[in-house]
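Descriptive structure summary
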Amino acid sequence: MTRYKQPVSVLVVIYTAGLEVLLLERADHPGYWQSVTGSCEPGEALRDTALREVREETGLDASRYALTDWHTQNDYEIYPHWRHRYPPGVTRNTEHVFGLQLPCPVDVQLAPREHLNFQWLAWQDAAEQVFSPSNRAAILRLAGSGHEHPGALK
Amino acid sequence: MSNKKIYSRTKLGDSVLEDPQGIISGDELLLMALIDGRTSVEGIASKVPPSVRAHLDGIFARLLSAQIIEVTGDAGFGSASENSDLVAAFETSLSMPARQPAGGDAEASRRCTELELELAGVRGKLDAAKARQKEVEAGFHKLKLRVSAYTEVRYARLSKLLRELASYPEHELRAILESELNDALENLQPLNQAMAEQQQVLDKTLSMQSFQGQIHAKQLQSERAADEARMAQAHPHYKKLRGLEFFKGFANAELLQFLEIAKWQEAKAGDTVLNEGDVGMPFFIIVSGAVTVFKGENRLATLDRGDFFGEFAYLSGEEPYRSARVVAETACELLMVDPLDIEFSAVQLRLHVVEALLRGQVRRTLISSKPMDSLPGDDLPNAPDAASP
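Residues numbered from 1 in each chain as written. Chains lettered and ligands numbered in written order. Predicted model: local features only at pLDDT ≥ 70, side-chain atom pairs only at ≥ 80, totals over all residues.

Of regular secondary structure, chain A possesses three helices and seven strands. Across chain A, helices and strands are ordered from the amino to the carboxyl terminus as β-β-β-β-α-β-β-β-α-α. Counting all 154 residues of chain A, 30% fall into the buried class. Across chain A, the fraction of contacts at a sequence separation of at least 24, relative to all contacts at a separation of at least 6, is 68%. (Helix = DSSP H or I, 4+ residues; strand = E, 2+ residues; numbered from the N terminus. Buried ≥ 20, exposed ≤ 12 C-beta atoms within 10 Å, placed from the backbone. Contact = placed C-beta atoms within 7 Å.)

Right, let's talk about the overall build of chain B for a bit. If you tally the helices and strands in chain B, you get 13 helices and 10 strands. Among the 389 residues that make up chain B, the fraction classed as buried is 18%. Within chain B, residue pairs in contact and separated by at least 24 positions form 73% of the contacts whose partners lie at least 6 positions apart.

Our next topic: unusual backbone geometry. For Leu19(A), which is not glycine, the phi dihedral falls at a positive 60°. By the secondary structure assignment, Leu19(A) is in the loop between strand 1 (8–16) and strand 2 (20–26). One non-glycine residue, Gln67(B), adopts positive backbone phi at about 65°. Within the fold, Gln67(B) resides in the loop between helix 5 (56–65) and strand 2 (69–74). Gln67(B) sits in the partly exposed class, given 17 other C-beta atoms within 10 Å.

Residue and element names in this part refer to chain B. Across the sheet, which stays open at both edges, the four strands sit in the order 4-9-6-7 with antiparallel pairing between neighbours. Of all the strands in the sheet, just strand 4 (272–274) and strand 7 (298–304) have a single pairing partner and so form its edges. Averaged over all neighbouring strand pairs, the angle between strand axes comes to 30°, with direction disregarded. (Pairing = 2+ DSSP bridges. Axes fitted to C-alpha atoms, helices over the stretch in contact; angles between N-to-C directions.)

All names here are of chain B. Axis separation between helix 8 (residues 170–234) and helix 10 (residues 252–261) bottoms out at 9 Å; the angle between their running directions is 35°. Where helix 8 crosses over helix 10, the handedness of that crossing is left-handed. Across the interface between the two elements, Glu228, Ala229, Met231 and Ala232 from helix 8 touch Asn252, Ala253, Leu255 and Leu256 from helix 10. Residue classes in the contact of helix 8 with helix 10 are distributed as six nonpolar, one polar and one charged. (Left-handed = near helix turned anticlockwise from the far one by under 90°. Nonpolar A, V, L, I, M, F, W, Y, C, P; charged D, E, K, R; others polar.)

Residues and elements named next belong to chain B. Looking at chain B, pLDDT values average 80 and 86% of them are 70 or higher. Ranking the elements of chain B by mean pLDDT puts helix 6 (residues 82–93) last with 50 and strand 9 (residues 325–328) first with 96. Here residues 77–84 is a poorly scored stretch, pLDDT under 50, and it has five contacts once near neighbours within four places are set aside; other chains count. Segment residues 95–99 is flagged for pLDDT under 50; beyond a separation of four residues in sequence, or across chains, it makes three contacts in the model. Overall fold confidence for the complex sits at a pTM of 0.52, while the interface term, ipTM, reaches 0.75. (pLDDT = per-residue confidence, 0-100.)

With that settled, the discussion passes to helix 3 (residues 133–144) of chain A. Taking 1.5 Å of rise per residue, the 12 residues of helix 3 of chain A would be expected to cover 16 Å, and the 16 Å separating its terminal C-alpha atoms lies within 8% of that figure. Those residues of helix 3 of chain A that are buried are in contact with strand 1, strand 2, strand 3 (33–34), strand 6 (92–102) and helix 2 (123–129) of chain A. (Expected span 1.5 Å × (residues − 1).)

Okay, structure coming up:
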């Protein structure tokens, strides 16, 4: 058994100026699509978690692009069959939302053990495709914000 | 006018004196009392106050004209002149003009006769009016008597009743009241009975309605069950699944729901369904055909219709890596089920799935007849099917 995960994570929506959104298909749950996600390591800053997860899951160096903290937190219940990976009694996770804007869609380098496929979708289709409600909300917010500084809008 | 004249009261005069009734004034009454048929006017005048004496002639004239007094004697004149005096007095009282000087005695006599006749008529009318007045008075008096008598009788009756009521002993009063109460209760009884009958009818109606409701609910239930059964029968894979051990506890609706979630998959003989070390959480249920489970080159088990595999990652809580390789031994029909889909579905369905997986695990443990810590996959050489090729 690996060590427990922290109930704090990041969600990084990778998108382009044309509001295309990068989605990844989970390897453990084929057919389930989502943005980049990952749990914070102990002592790790949220921004560093975002940089690390983007690198691990796509091979991209997020520091070369506009990585913005939307200062949005999603608090949700951890799916029961995932709870065993968290400390005993932890049932809720806090997710911090980031945005990463690329100039145009690019092919990404997947982590084979985490994802099966990637695709770039128009924001409407991407919002339809993702299974997590908080992921969907983030994509819709991206579209409604004028996407330059989504975090600035309320 | 001579002061020697003597007056007497007439019959009318007597009655007026007894009961004046405002017909004559006080002065006139005083003179009436003094007139006795013997005392002359002169004598009377000496007995009255000067204020009365000054109008004495006028007063006598009025009394004469009202027939209350009459002349009965004259101490100084003959009776012949009586009439002319009387007429003079009468004329004065009626405010007639004074005696006409031009007229002779004959004229006066004729006139006198006329007046006497007239006077007699007036007197008759007056008598009739008086009599009528007396009648009315008598009638009024009788009425008054009758009213007071009636009031007295009523009062007497009322007080008698009160006396009687007061005289009843308490137990008698109670008896009377009780008998009245009994009467009232007796009247009430049929009413109560009628009400009870109505209540019975109402109860019956209500129970009928409730019964109808139950029947209706049962009908709805059976209709719904029939609908579900029809829908299930119509599903291409329903019959294949219904007979499987895994779905024993599933209602038709749940089975249909499960078919929505699960992905139908077919494999040819020799196809690799799962590779050891691959990432993946879904588990598989074998609908038809058979698969073989390998750990490395070792054959762990052969599974067939109704069995499941690939559940280790889901149930163990470990990282989602495949712990064995699974190869189709024959052509297979498989249901692939992602645990996330199960978590998104109804609690009841999730419970059934987990129970089915648990029952399967327990069966395998019993069949292996080995300790819990040496389940297939953990101890390769000793696994039950490892020896068979």
